[in-house]
Amino acid sequence: VNADMAGEGPKLAHLKMRLGAHDLMPAGTAAHGFSALSGQIEWLQRDGGWLLQGSDIKLTANGRSWPASHFQVRHDATDDGQTWQADASFLRLQDIDTLIGWLPTALSSKLQSLQRMAPQGDVSGVQLADKWQGNTLSSWSSQGKFQDLGAQEVGKIPGFTGLDGNLKDDKSGGTRT
């Protein structure tokens, strides 16, 4: 790991690290680990928000390697509300549980319902965005491609397996093929 950090007092304002690691297991989880993880990760705290991004991410878990990938997650808060934006060139959903184990508690706790669904499959070209005004979702959009998509039944939401296709949606409608 090679890292550069900047901040003031206990507040981290910027972190940029290049990593190459083997046999990783997140502490305090029952999730599987990664046999290899490499790439560049950057965290940037900004006025009213933050940005987390990764590039040239290469990951191997359960004997399966991801293609070199990138991702970006951004959160902004203003007097008008909050916006969330995320994109990822590739995600293997089976590995989400392990990735969530490394997120800050404030973010990982919001993803517990996703963990209960135990998603599986590969998604690519993912773009998600939403805007909140107070507790009201004022706009949202999502798009991506998926292969062998599946999830476990949770409550009244049925489980499914083996879906392939494309998705492009927003608040006014969209297409699914």
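Note: the structure precedes this text.
All values reported here derive from a predicted model rather than from experimental measurement.

Procedures and definitions
- The numbering scheme is per chain: residues are counted from 1 as the chain's sequence reads.
- Totals for whole chains, interfaces and linings use every residue, but because this is a predicted model, local features are given only for residues with pLDDT of at least 70 and side-chain atom pairs only at 80 or more, for both listing and counting.
- Values shown for side chains rest on all heavy atoms present in the structure; no hydrogens or waters enter the calculation.
- Here, any two strands with at least 2 DSSP bridges between them count as paired.
- Each helix is a run of DSSP H or I of at least 4 residues and each strand a run of E of at least 2, with the numbering of both proceeding from the N terminus.
- By definition here, a salt bridge exists when the distance from a side-chain nitrogen of Lys or Arg to a carboxyl oxygen of Asp or Glu is within 4 Å.
- Any residue under 20% of the maximum accessible area for its type is buried, any over 50% is exposed, and the rest in between are partly exposed; the area is computed with a 1.4 Å probe on protein chains only.
- Nonpolar cores were defined as sets of buried Ala, Val, Leu, Ile, Met, Phe, Trp, Tyr and Cys residues, with membership established by side-chain atoms within 4.5 Å.
- In this analysis, two residues are considered to be in contact whenever any of their non-hydrogen atoms come within 4.5 Å of each other.
- Ring pairs are drawn from Phe, Tyr and Trp, using the six-membered ring of Trp, whenever the two centres fall within 6.5 Å, and their geometry is named by plane angle: stacked under 30 degrees, edge-to-face over 60, tilted for the rest.

## Brief notes about the pairing of strand β6 (residues 69-78)
When strand β4 (residues 49-61) meets β6, the two strands line up antiparallel, connected through 7 bridges. Opposite G54, over in β6, you have F71 as the bridge partner. Note: β6 against strand β7 (residues 81-92), 8 bridges, orientation antiparallel. Among the inter-strand pairings, T78 is bridged to a residue of β7, identified as G81. From the end of β6 to the start of β7, which pair antiparallel, there are 2 residues.

## Observations regarding the pattern of salt bridges
As enumerated under the stated definition, the model contains 7 salt bridges in all. Here D56 and K58 are joined by a salt bridge, their closest N and O atoms 3.8 Å apart. Given a relative accessible area of 32%, D56 falls into the partly exposed group. You can call K58 partly exposed: its relative accessible area is 41%.

## Observations concerning the nonpolar core
Nonpolar side chains tend toward joint burial in soluble globular proteins. Core analysis: the largest hydrophobic core is formed by 12 residues, namely L19, F34, L37, I41, W50, L52, I57, L59, A61, W66, F90 and L107. When contributions to this core are tallied by element, the ones reaching two or more residues are β3 (34-46) and β4. Ranked by residues supplied to this core, first place goes to β4 with 5 residues. With near-sequence residues (within four places) excluded, L37 lies in contact with L19, G20, A21, L24, I57, K58, L59 and W102.

## Quick look at the packing of aromatic side chains
One pass over the structure, following the stated rule, counts 3 aromatic pairs. Aromatic pair W43 and W50: ring centres 5.2 Å apart, planes at 20 degrees, arrangement stacked. Judged by its relative accessible area of 22%, W43 falls in the partly exposed class. Relative accessible area serves as the criterion here: at 14%, W50 is assigned to the buried category. With a centroid separation of 5.7 Å and 80 degrees between ring planes, the pair formed by W50 and W84 is classed as edge-to-face. Highlighted residues: W50 in strand β4 and W84 in strand β7, separated in sequence by 34 residues. With relative accessibility at 22%, the residue W84 sits in the partly exposed group. Among the aromatic side chains, those forming a connected cluster through ring pairs are W43, W50 and W84.

## Some remarks on the environment of V126
With respect to the element layout, V126 can be found in strand β8 (residues 120-133). With 47 residues separating them along the chain, V126 and G173 place their C-alpha atoms 17 Å apart.

## Observations concerning unusual backbone geometry
At D56, a residue that is not glycine, the phi angle is positive and equals roughly 50 degrees. Tracing the chain through its elements places D56 in strand β4. Even without being a glycine, N62 presents a positive backbone phi close to 50 degrees. With respect to the secondary-structure elements, N62 resides in the loop between β4 and β5 (64-65).

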